[in-house]
Amino acid sequence: MISRSQRGIALILVLMLTAVISVVVIVMQYKSRSALNLALQAQQFSQARAKVESAREELIYVLTTTPVWLTGAAPLELETHELPAEFNISGTAFVWNDVDFRLTDTAGKVALIPFNEATWRKLLEGHGMQSADPVIDAIKDWIDEDDLTHLYGAESGDYELPGFPRNQQPQFEDEFRFVLGMSDELWQSLRPSLTMVGYELPNPYFMPDNMLPLMIGPLTAEMLIKERTERLFSNELASALRTEEETFFPSKRLEVQLRARVGEAEYAESFVLIREPGADRISHITKKQPGLEWPVVESGANQE
């Protein structure tokens, strides 16, 4: 006959076994859910990547077979080729086939090559620098070939790292980050407005919205953004810009950024399309960066 103490021990053993089995079941369920989540994330990532790759090929086809790049996304061309009304090449984000696009004609950005002092001064002061002279002179010393220091500049004795300054034109886009006086915070705020190779003066007609107030003043910027959105440019605007450098026609270099999101997964890439002078077809695809981080740009009017 089983004693009361034996029944108690048996009950404890049963409870312990039940607890162990419950823990095992919970762990197995957790592992199964984790595996399912990983599989779902992988599937969503693949779908997002496929969307971006499809959008890239569609964009290249459109730019190659239509006058859109040549005319600057005129309304009639957009309607004729069934493109989104928001399609633009001035850096304003738009959505096409469930993919986020940002297309920027590099003519609308500030160039590292050639370096233009007046343009850089506007950009630096527009980003809160009270006196741009130290950075401007340091850039001059960075790119000139001599060891003579400009008034507020810096030569080799002012840098801790050997080989600085380079005393030649920059070789990569982030090179000016190392110029004396250029802080990390300042460089990150400038970076979306810069391009490696461009023009002496950036073209306002293709300048991103957030740059316009800094470069041409808030009133003219407001006028340009309105007219650019409506795709109708007036003589009043041309008079306000007051130079002969601007043109309605795009340049030969186009920065492209694409991003798609499916569920919790996201895939993005960037590249630059180049047309050789006189060519109506794309000549090169450069700077291709899959999986880039989508840049955060302070919004201006109509800027997403």
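Along each chain, the written sequence defines residue order, and numbers are assigned to residues from 1. In keeping with the model being predicted, local features are shown solely for residues with a pLDDT of at least 70 and side-chain atom pairs are shown and tallied solely at 80 or more, while totals for entire chains, interfaces and linings include all residues. Note that the side-chain values use all heavy atoms of the structure and ignore hydrogens as well as water.

1. With respect to the packing of aromatic side chains
Aromatic rings from Phe, Tyr and Trp, with only the six-membered ring used for Trp, were paired whenever their centres fell within 6.5 Å, and each pair was classed as stacked if the ring planes differed by under 30 degrees, edge-to-face if by over 60, and tilted otherwise. Applying the stated rule across the entire model yields twelve aromatic pairs. Ring centres of Phe115 and Trp120 lie 5.9 Å apart, and the angle between their planes is 45°; this geometry places the pair in the tilted category. Throughout this description, buried means an accessible area under 20% of the type-specific maximum (1.4 Å probe, protein chains only), exposed means over 50%, and partly exposed covers the range between. Residue Phe115 is classed as buried on the basis of its relative accessible area of 15%. By relative accessible area, Trp120 is classed as buried at 0%. Seen from their ring centres, Tyr159 and Phe164 are 6.0 Å apart, and the 85° between their planes marks the pair as edge-to-face. Each member of the pair, Tyr159 together with Phe164, is buried. The structure contains a cluster of three or more aromatic residues connected by ring pairs, namely Phe87, Phe94, Trp96 and Phe101. Over a ring means this: the NZ of a Lys or the CZ of an Arg is within 6 Å of the ring centre and within 35 degrees of the ring normal. It is Arg275 that lies over the ring of Trp69; its NZ or CZ is 4.4 Å from the centre.

2. Things to note about the environment of Ala268
For helices the rule is a DSSP run of H or I covering at least 4 residues; for strands it is a run of E covering at least 2, with both sets numbered from the N terminus onward. Turning to its location among the elements, Ala268 is positioned in strand β6 (residues 265–274). Judged by its relative accessible area of 3%, Ala268 is buried. Along the chain, Ala268 and Arg231 lie 37 residues apart, while their C-alpha atoms are 29 Å from each other.

3. Quick word on helix α5 (residues 133–143)
Where burial is concerned, most of α5 is hidden: eight out of the eleven residues are buried. Among all positions in α5, only Val135, Ile136, Asp137, Ala138, Ile139, Asp141, Trp142 and Ile143 are buried. Looking at the buried residues of α5, the elements they touch are α4 (117–126). A contact between two residues is defined here by any heavy atoms of the two lying within 4.5 Å.

4. Focus: helix α8 (residues 218–230)
Here α8 contains 13 residues, and its C-alpha end-to-end distance of 18 Å stays within 8% of the 18 Å for a straight helix at 1.5 Å per residue. Taken together, the buried positions of α8 are Thr220, Ala221, Leu224, Ile225, Glu227 and Arg228. Buried-residue contacts for α8 involve α7 (212–216) and α9 (235–241). Taken from the residues just after α8, Arg231 is the one with a positive phi, measuring 60°. In a helix, the anticipated span is given by 1.5 Å times the number of residues less one.

5. Examining the pattern of salt bridges
For this analysis, a salt bridge means a side-chain nitrogen from Lys or Arg found within 4 Å of a carboxyl oxygen belonging to Asp or Glu. A full pass over the atoms with the stated rule returns 18 salt bridges. Linking Glu53 and Arg49 is a salt bridge whose minimum nitrogen-to-oxygen distance equals 3.0 Å. With a gap of four residues between them, Glu53 and Arg49 both fall in helix α1 (residues 4–65), about one helical turn apart. The class for Glu53 is partly exposed, based on a relative accessible area of 29%. Between Arg228 and Asp209 there is a salt bridge, with the nearest N and O atoms lying 2.4 Å from each other. With Arg228 in helix α8 and Asp209 in the loop between β4 (194–197) and α7, the pair connects residues that are 19 residues apart, well separated along the chain. Look at the salt bridges and you will find they share partners, linking Glu117, Arg121, Asp133, Asp137 and Lys140 into a network.

6. A look at unusual backbone geometry
Here the amide bond leading from Ile113 into Pro114 is cis, since omega sits at -5°, within 30 degrees of zero. Position of Pro114 relative to the elements: it lies in the loop between β3 (110–113) and α4. The step from Phe164 to Pro165 runs through a cis peptide bond, and the omega angle for that step is -5°. A positive phi angle is found at Glu82, which is not glycine, with a value near 55°. Note on placement: Glu82 falls in the loop between α3 (75–80) and β1 (94–96). The backbone phi angle of Asn167 is positive, close to 55°, even though this residue is not glycine. Note on Asn167: relative accessible area 18%, which makes it buried.

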